[in-house]
Amino acid sequence: MTTTMTDLPKAKIRPASNWSAIWVLPLIALLIGGWLAWRAYDQAGIDIQIIFASGDGIQAGKTEVIYKGMPVGKVKTLTLDDTGGRRGVIATVEMDKDVEQYLRSNTRFWLVKPSVSLAGVTGLETLVSGNYITAAPGDGEPERKFTALNEVPPIADSVPGLHLTLKAERLGSLNRDSPVFYKQIQVGRVKSYSLAADQTTVEVKVFIEPQYASLVRKHTRFWNASGVTVNADLSGFKLRTESLASVVAGGIAFATP
């Protein structure tokens, strides 16, 4: 029996395009996965920890960090802090990568919420937007763990304007944010107060707005303008006060002879 070439089975050769498609599809999937991973890493924020004395007014997933009116972070989780003698709350906050340069050891954080005092009402915007955390950038080494302030810090000395320290025998009815008047016009406010080093006087730090700084000169005299002054004689009596704000919250007035 003889066999011819035509009787042999023909070998099937797959097209080269099918082999290339098998390798291209996994490669495309790998590239897409790598791009998604890089995008997730690039958009991820920086986690920091802020220790608060209490978690009152802070909500995980809702409370934001606002700086100069812009959201720059958000609280992720809240946990109890039982380390050492402190028993507070640790808020883990995811900050935007753009503010990494401001996360320094002297940066300060505090919670902003509605507050009513004799000096006025603050934090009214939180009635609509809710409580939020704000910050004052500082210098120092890079840091990821901070302790929140219990109250708003006084105006920094770097803020444009005139910063003075007045000495008085007693504080009277002055308080933080009490107004400072010149000819019954408010031109500044009280930053803070404390006992002097000798503990015999009170040091009151005052801030004067930049446009009024030139009103204070070498012979300028300051006095406590809190309350009401009454001068009475046979012709009648005179009632004098700087403003209603000074009656309620205290105040300081000054003049230059």
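In the block above lies the structure referred to throughout.
Every value quoted in this text rests on a predicted model; they were computed, and no experiment measured them.

(A) Representation of unusual backbone geometry. Even without a glycine there, the phi angle at K68 is positive, about 55°. Here K68 is to be found in the loop between β2 (64-67) and β3 (70-81). Owing to a relative accessible area of 70%, K68 belongs among the exposed residues under this scheme. A positive phi angle, close to 60°, is found at Q199, a residue other than glycine. With respect to the helices, strands and loops of the structure, Q199 is situated in the loop between β12 (185-195) and β13 (202-208).

(B) The arrangement of empty space enclosed by the protein in detail. Scanning all chains against the criterion turns up one cavity of 30 Å³ or more. In this structure, the largest cavity spans a volume of roughly 100 Å³. Forming the walls of the largest cavity are V65, Y67, V72, M95, V99, Y102, L103, T107, F109, A135 and P137.

(C) Quick look at the layout of surface pockets. Reported here for the second largest pocket is a volume of approximately 230 Å³. Lining of the second largest pocket is provided by L166, K167, A168, R170, L174, V204, F222, W223, N224 and I252. Elements with a minimum of two residues in the lining of the second largest pocket: β10 (162-168) and β14 (221-224). Taken together, the residues that form the lining of the second largest pocket break down as seven nonpolar, one polar and two charged.

(D) Expanded view of the pattern of salt bridges. Within the structure shown, the criterion is met by five salt bridges. Here R144 and E100 are joined by a salt bridge, their closest N and O atoms 3.3 Å apart. Here R144 is found in the loop between β8 (132-136) and β9 (145-147), whereas its partner E100 is found in the loop between β4 (88-95) and β5 (108-112), with 44 residues between them in sequence. Relative accessible area serves as the criterion here: at 31%, R144 is assigned to the partly exposed category. Note on E100: relative accessible area 38%, which makes it partly exposed.

(E) How the structure looks around a nonpolar patch on the surface. Taken together, V24, L25, I28 and I32 make up a surface patch of nonpolar side chains, about 360 Å² in accessible area. Looking at I32, the relative accessible area reads 46%, which means it is partly exposed.

(F) Layout of the side chain of K191. Counting through the fold element by element, K191 comes out in strand β12. When neighbours within four sequence positions are excluded, K191 is seen to be in contact with P154, I155, D157, H163, R176, K205, V206 and F207.

(G) Examining the environment of V152 more closely. Tracing the backbone shows V152 in the loop between β9 and β10. Exposure remark for V152: the relative accessible area of 45% places this residue in the partly exposed category. Spatially, the C-alpha atoms of V152 and W110 are 6.7 Å apart, while their sequence positions differ by 42 residues. Residues within four places of V152 in sequence aside, it is in contact with W110 and R176.

(H) Expanded view of the side chain of T107. Here T107 shows up in the loop between β4 and β5. In terms of polar contacts, T107 uses its side chain to reach the backbone carbonyl oxygen of Y102, at 2.6 Å. The residues contacting T107, other than those within four sequence positions of it, are Y102, A136, P137, G138 and F146.

The rules behind these values
- Residues numbered from 1 in each chain as written.
- Predicted model: local features only at pLDDT ≥ 70, side-chain atom pairs only at ≥ 80, totals over all residues.
- Heavy atoms only, no water.
- Helix = DSSP H or I, 4+ residues; strand = E, 2+ residues; numbered from the N terminus.
- Buried < 20%, exposed > 50% of the residue type's maximum accessible area, 1.4 Å probe, protein only.
- 1 Å grid on protein atoms, 1.4 Å probe; cavity = no way out; pocket = protein on both sides within 12 Å on 5 of 7 lines; lining within 4 Å.
- Points joined across faces, edges and corners; volume = space filled by probe spheres on them.
- Nonpolar A, V, L, I, M, F, W, Y, C, P; charged D, E, K, R; others polar.
- Salt bridge = Lys/Arg side-chain N within 4 Å of Asp/Glu carboxyl O.
- Patch = residues over 30% accessible without salt bridge, like charges linked within 9 Å, V, L, I, M, F, W, Y side chains within 5 Å.
- Areas by Shrake-Rupley, 256 points an atom, 1.4 Å probe, with all protein chains shown as cover.
- Contact = heavy atoms within 4.5 Å.
- Polar contact = N/O pair within 3.5 Å; in protein donor to acceptor, adjacent residues only side chain to side chain.

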